[in-house]
Amino acid sequence: MQKKTVLVTGGAGFIGSHVSVELINAGYDLVVADDLSNCDMTNFEGLKQITGRDDIPFHQMTFCDEAATEKLFSENKIDAVIHFAAFKAVGESCAEPLKYYGNNLKSLINVLESARRHGCRNILFSSSCTVYGEPEKTPVTEQTPRQPATSPYGNTKQISEDILRDSVKAYGNIRGIALRYFNPIGAHPTALMGELPRGVPNNLVPYITQTAIGKRECLSVFGNDYPTPDGTNLRDYIDIVDLAKAHVCAVRRMIDDKMEADYEIFNVGTGKPASVLDLVNAFEKVSGEKLNWKFAPRRAGDVIAIWADPSLANEKLGWKAGRTIEDSLLAAWNWEKKLAR
Ligand code: UDP
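Read on for an overview of the structure. (Residues numbered from 1 in each chain as written. Predicted model: local features only at pLDDT ≥ 70, side-chain atom pairs only at ≥ 80, totals over all residues. Heavy atoms only, no water.)

### Observations concerning the site of the ligand
Alright, step 1. Close contacts around the ligand come from 15 residues, with Ser220, Asn233, Arg235, Arg299 and Asp302 the closest.
Alright, step 2. Ser220 places a main-chain nitrogen or oxygen 2.7 Å from a nitrogen atom of the ligand.
Alright, step 3. One of the backbone N or O atoms of Phe222 is found 2.9 Å from an oxygen atom in the ligand.
Alright, step 4. Relative to its unbound accessible surface of 520 Å², the ligand loses 86% to contact with the protein.
Alright, step 5. Those elements that provide at least two residues to the shell around the ligand are helix 7 (204–213) and strand 8 (219–222).
Alright, step 6. When residues in the shell around the ligand are grouped by element, the largest group, four residues, is from strand 8. (Near = heavy atom within 4 Å. Polar contact = N/O pair within 3.5 Å; in protein donor to acceptor, adjacent residues only side chain to side chain. Areas by Shrake-Rupley, 256 points an atom, 1.4 Å probe, with all protein chains shown as cover. Helix = DSSP H or I, 4+ residues; strand = E, 2+ residues; numbered from the N terminus.)

Written as structure tokens, this is what we have:
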């Protein structure tokens with residue numbers, strides 16, 4: 001049978017590059033595109049090294065460019081698109097909402113228009129548990145009501161889900177899956193790919209590893225008086241390689257015609273809550289390093305506690321998270337040490 005081709009937009013980034021490795025391992029051909037606005041080619045080089053493939057097509061382009069998007073689809077026969085390309089900094093999105101709405105929505109619309117025009121039926125969208133806001137009940141299922149977004153970034157995820165849902169319904173010639181990620185962490189076990197935050201990291205794990213390596217003075221643990229067992233926030237930290245494998249399952253479900261509706265949503269998480277202090281302790285254990293950290297005031301906008309009920313993905317995608325927080329933190333630490341060399 002002829003190999004199927006998957007377009008990975010934002011494929012040089014943290015999640016996109018890990019997904020690309022798993023797609024190649026699963027036997028798919030790829031077209032990778034990225035505008036490199038928030039990453040360099042490090043992860044793409046890692047992707048080539050891990051897979052031993054020197055021939056992966058790479059296009060430096062933005063999907064906000066309608067003509068370039070159209071050209072990419074006319075020059076390649078694409079069976080499925082995974083659309084990652086988007087801006088993702090919550091704080092920046094509050095300061096520059098038009099940049100976020102413009103980029104994140106325009107690029108999705110262009111991808112959908114070109115996909116439709118060129119007979120590419122299958123669209124996978126990277127959404128986020130941010131759409132649940134502060135849930136009334138945890139864990140959250142896909143039926144848990146979405147809450148009004150608290151940032152333009154979060155709003156672009158909600159609107160993008162709606163654009164995909166409405167387009168699938170109206171046009172009939174495309175179908176979509178939205179994967180709602182919880183908190184992706186870790187790095188590739190080879191230490192050839194990982195997170196490359198620009199400037200001061202916002203996310204917990206890069207902040208932990210950068211503190212341990214000496215790039216940052218001290219980790220601030222934001223808030224110790226939340227109504228949780230140890231007073232710090234609870235999240236569902238999902239290993240990046242596990243997360244990547246969920247995409248392969250979702251792509252296969254679309255390409256093999258196994259979808260039960262033309263638009264489906266799946267939570268991608270472990271189902272296990274972990275606190276900020278759980279991460280700090282697990283990091284110290286796996287790295288053997290003493291982490292310099294202190295309690296600091298709550299960070300504005302943080303939800304208290306959220307974790308996934310991943311049973312739908314377990315059942316329908318045949319996917320389950322397999323790695324522990326310790327596995328992910330060790331991989332992230334090895335990646336940080338490699339960057340320092
Ligand atoms: N956090 C922290 N210190 C930091 C960064 C994050 O205590 O320097 C906490 C944050 O308050 C939240 C958790 O770590 O409870 C995860 O934050 P992150 O920004 O990684 O992801 P979010 O859940 O906000 O998307």
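### Brief notes about helix 3 (residues 66–75)
Every α-helical turn comprises 3.6 residues, leaving residues that sit three or four positions apart pointing alike.
Alright, step 1. Here helix 3 has its buried residues at Thr69, Leu72 and Phe73. End-on, the buried residues of helix 3 take up no more than an arc of 95°, which puts them together on one face. Among the exposed residues of helix 3, those pointing more than 90 degrees away from its buried face are Ala67 and Glu75.
Alright, step 2. Where helix 3 is buried, its residues contact strand 1 (5–9), strand 2 (29–34), strand 3 (58–60), strand 4 (80–83) and helix 5 (97–117). (Buried < 20%, exposed > 50% of the residue type's maximum accessible area, 1.4 Å probe, protein only. Arc of directions from axis to C-beta. Contact = heavy atoms within 4.5 Å.)

### Looking at the pattern of salt bridges
A side chain with one charge can pair with a side chain of the opposite charge if their charged atoms come near.
Alright, step 1. Within this structure, the stated rule accounts for 28 salt bridges.
Alright, step 2. Two residues, Arg117 and Glu70, come together in a salt bridge whose shortest N-O distance is 2.7 Å. Within this pair, whereas Arg117 is found in helix 5, its partner Glu70 is found in helix 3, the two being separated by 47 residues in sequence.
Alright, step 3. With a closest N to O distance of 3.3 Å, Asp162 and Arg165 form a salt bridge. Taken together, the residues span about one helical turn, with Asp162 and Arg165 both in helix 6 (residues 152–171) at a distance of three residues.
Alright, step 4. Assessed through its relative accessible area of 36%, Arg165 is described here as partly exposed.
Alright, step 5. One network of salt bridges, with partners in common, ties together Arg146, Glu161, Asp162, Arg165, Asp166 and Arg180. (Salt bridge = Lys/Arg side-chain N within 4 Å of Asp/Glu carboxyl O.)

### A closer look at the layout of surface pockets
Alright, step 1. By volume, the second largest pocket amounts to about 260 Å³.
Alright, step 2. Partitioning the lining of the second largest pocket into residue classes produces seven nonpolar, five polar and three charged. (1 Å grid on protein atoms, 1.4 Å probe; cavity = no way out; pocket = protein on both sides within 12 Å on 5 of 7 lines; lining within 4 Å. Points joined across faces, edges and corners; volume = space filled by probe spheres on them. Nonpolar A, V, L, I, M, F, W, Y, C, P; charged D, E, K, R; others polar.)

### Digging into the packing of aromatic side chains
Alright, step 1. By the definition in use, this model includes five aromatic pairs.
Alright, step 2. Summarising the aromatic geometry, the rings of Trp293 and Phe295 are spaced 5.0 Å apart at their centres and angled 85° between planes, so their arrangement reads as edge-to-face.
Alright, step 3. Lying across the ring of Phe87, Lys99 places its NZ or CZ 5.0 Å from the centre.
Alright, step 4. A cation over an aromatic ring shows up here: Arg298 above the ring of Tyr226, its NZ or CZ 4.0 Å from the ring centre. (Phe/Tyr/Trp six-rings, centres within 6.5 Å; stacked < 30°, edge-to-face > 60°. Lys NZ or Arg CZ within 6 Å of the ring centre and 35° of its normal.)

### Brief notes about helix 11 (residues 325–340)
Alright, step 1. For helix 11, built from 16 residues, the straight-helix expectation of 22 Å at 1.5 Å per residue is met to within 8% by its first-to-last C-alpha distance of 22 Å.
Alright, step 2. Looking at the buried residues of helix 11, the elements they touch are helix 2 (42–51), strand 7 (183–185), helix 7, strand 10 (237–239), strand 12 (274–275) and helix 9 (276–287). (Expected span 1.5 Å × (residues − 1).)

### Looking at the sheet that holds strand 4
Alright, step 1. The parallel open sheet is built from seven strands, whose spatial order is 3-2-1-4-5-6-11. Both outer strands of the open sheet, strand 3 and strand 11 (263–268), are each paired with one neighbouring strand and no more. Put simply, the sheet's adjacent strands are angled 20° from each other on average, direction ignored.
Alright, step 2. Bridge analysis of strand 1 against strand 4 gives four bridges, and the strand direction is parallel. By the bridge assignment, Leu7 is partnered in strand 4 with Val81. (Pairing = 2+ DSSP bridges. Axes fitted to C-alpha atoms, helices over the stretch in contact; angles between N-to-C directions.)

### Describing the state of the cysteines
Alright, step 1. Per the stated rule, a full pass over the model turns up zero disulfides.
Alright, step 2. The structure places no disulfide on Cys129, whose sulfur is separated from the nearest cysteine sulfur, that of Cys94, by 16 Å.
Alright, step 3. Overall, the relative accessible area of 9% leaves Cys129 in the buried class. (Disulfide = S-S within 2.5 Å.)

### Side note on the nonpolar core
Alright, step 1. Ranked by size, the top nonpolar core spans 48 residues in total, and within it Val6, Leu23 and Leu179 carry the most contacts.
Alright, step 2. At 11 residues, the largest contribution of residues to this core is made by helix 8 (residues 240–255).
Alright, step 3. Those residues in contact with Leu179, other than ones at most four positions away along the chain, are Leu124, Phe125, Ser126, Ser127, Ser128, Ala246, His247, Ala250, Phe266, Val268 and Leu317.
Alright, step 4. Ranked by size, the runner-up nonpolar core spans 25 residues in total, among them Val81, Leu105, Leu112 and Leu164. (Core = buried A, V, L, I, M, F, W, Y, C linked by side-chain atoms within 4.5 Å.)

### Quick notes on the side chain of Ser328
Alright, step 1. With respect to the helices and strands, Ser328 occurs in helix 11.
Alright, step 2. Among the polar contacts listed, one links the side chain of Ser328 to the side chain of Asp239, at a separation of 2.8 Å.
Alright, step 3. In this structure, Ser328 is in contact with Ile185, Gly186, Ala187 and Asp239, ignoring residues within four places of it in sequence.

### Observations concerning the environment of Thr51
Alright, step 1. Counting through the fold element by element, Thr51 comes out in helix 2.
Alright, step 2. Residue Thr51 is classed as buried on the basis of its relative accessible area, which comes to 18%.
Alright, step 3. When neighbours within four sequence positions are excluded, Thr51 is seen to be in contact with Val21, Ile24 and Ile56.
Alright, step 4. At 2.7 Å, the side chain of Thr51 and the backbone oxygen of Leu47 are in polar contact.

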